[in-house]
Amino acid sequence: GVIYAGQQAFTLGYRSLDKGRLLRARASVRCPKCFSVSPRPSYRCLNSSCGIVHHDVTPGPLGMLHRRCECGTAFPPTVGAAAKVLEPLCPVCGADLAEGSGARQTIQLPAFGGVGAGKTRLFYSLMTAAGRKLAQTGGALEGLGVEARAAVNVAENAMERGLASEKTVYTARPEGIVVTLTDGVGNVVEVQFMDAAGESFQNWHSTEELTYVNTAETMVFVLDPLAFPRLGAELNTRRAFTSNIIVASGDQEAAYASVADRLRSENVDLNRRQLAVVLPKADIWAHLPSGASLDPSTS
């Protein structure tokens, strides 16, 4: 009885210690593929020939100091320790997650707006600026996965060389660009840039697959000022300078309403969400009469 009580006390304390650490880190699992939010990931067994998926790695009857799989393979018994050696999986859809998922804070940052508003360019500039700023203090921005690393390289190349951003190809369920931000003392935050094509925001029905807007704590609405009638008229008088400029098409107010109406239909409390409104293309606007007082370097 004494031994059993000691085991239960140790197990409870060990679980509480791991849970407390995850709470302090505000850790969570946000799947960039199915967009679900979970408190912890599932893990694939270390034994490549086993194939068993473990949905709970906390200390318990299967091990207090080490968990043991049916195949006999042992692995660490907490989320924090398991994240360092096991392959994480989404507990909802089973998709592979980035290494270390579940043991760090994860932020999904969705951008929405009309076609050609500048959402992709905004993310390119954010990733490039964040990478440079972190590098100055000994940190780094790193893409997680082949596609994310390629996206980071494309962003850096486009911003450094002043190249145009390619239009985002429309897909009903776009995957996020997953990166980690590491500061000079080793603190790590995972950021998922959710860049859906403007065609996804024609009305609230077209956003049905973008379920990440239901759970994202902060969103960015990209509002193209060049699509305003007055600026559009000024732009037409400067076609020699602005011949290659892409201006947002469609109703930008409808693009905003597509997300706002969807959240209301899902009974999401909008007072608990944060919204950033970004006016891009300040470098172009500054060359128009109405933007003569703008300083793009500080905008």
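Bear in mind the structure is a predicted one, so any value in this text is a computation, not a measurement.

Engineer: I'd like a description of the pairing of strand β8 (residues 105–112), backed by residues and values.
Structural biologist: Of all eight residues that make up β8, seven are buried, and the element is covered over most of its length. Of the pairings in the sheet, the one linking β8 to strand β11 (residues 188–195) comprises seven bridges and is parallel in character. Each bridged residue has a counterpart across the sheet, and for Thr106 the counterpart in β11 is Glu190.

Engineer: Quick rundown of the packing of aromatic side chains? Include the residues and the values.
Structural biologist: Tallied over the full model, the rule gives six aromatic pairs. Between Phe123 and Phe193 the ring centres are 5.0 Å apart and the planes differ by 55°, which places this aromatic pair in the tilted class. In this pair, Phe123 is assigned in helix α3 (residues 119–136) and Phe193 in strand β11, connecting sequence segments 70 residues apart. Each member of the pair, Phe123 as well as Phe193, carries the same accessibility label: buried. Joined through ring pairs, the aromatic side chains of Phe112, Phe201, Phe221 and Tyr256 make up one cluster.

Engineer: Outline the pairing of strand β9 (residues 140–143), supporting the account with residue identities and numerical values.
Structural biologist: What you see with β9 is a clean split: Leu141 and Gly143 sit on the buried side and Ala140 and Glu142 on the side with no burial. As judged from the four bridges shared by β9 and strand β10 (residues 177–182), these two strands associate in the antiparallel manner. Directly across from Ala140, in β10, lies its bridge partner Thr182.

The rules behind each value
Residues numbered from 1 in each chain as written. Predicted model: local features only at pLDDT ≥ 70, side-chain atom pairs only at ≥ 80, totals over all residues. Heavy atoms only, no water. Buried < 20%, exposed > 50% of the residue type's maximum accessible area, 1.4 Å probe, protein only. Helix = DSSP H or I, 4+ residues; strand = E, 2+ residues; numbered from the N terminus. Pairing = 2+ DSSP bridges. Phe/Tyr/Trp six-rings, centres within 6.5 Å; stacked < 30°, edge-to-face > 60°.

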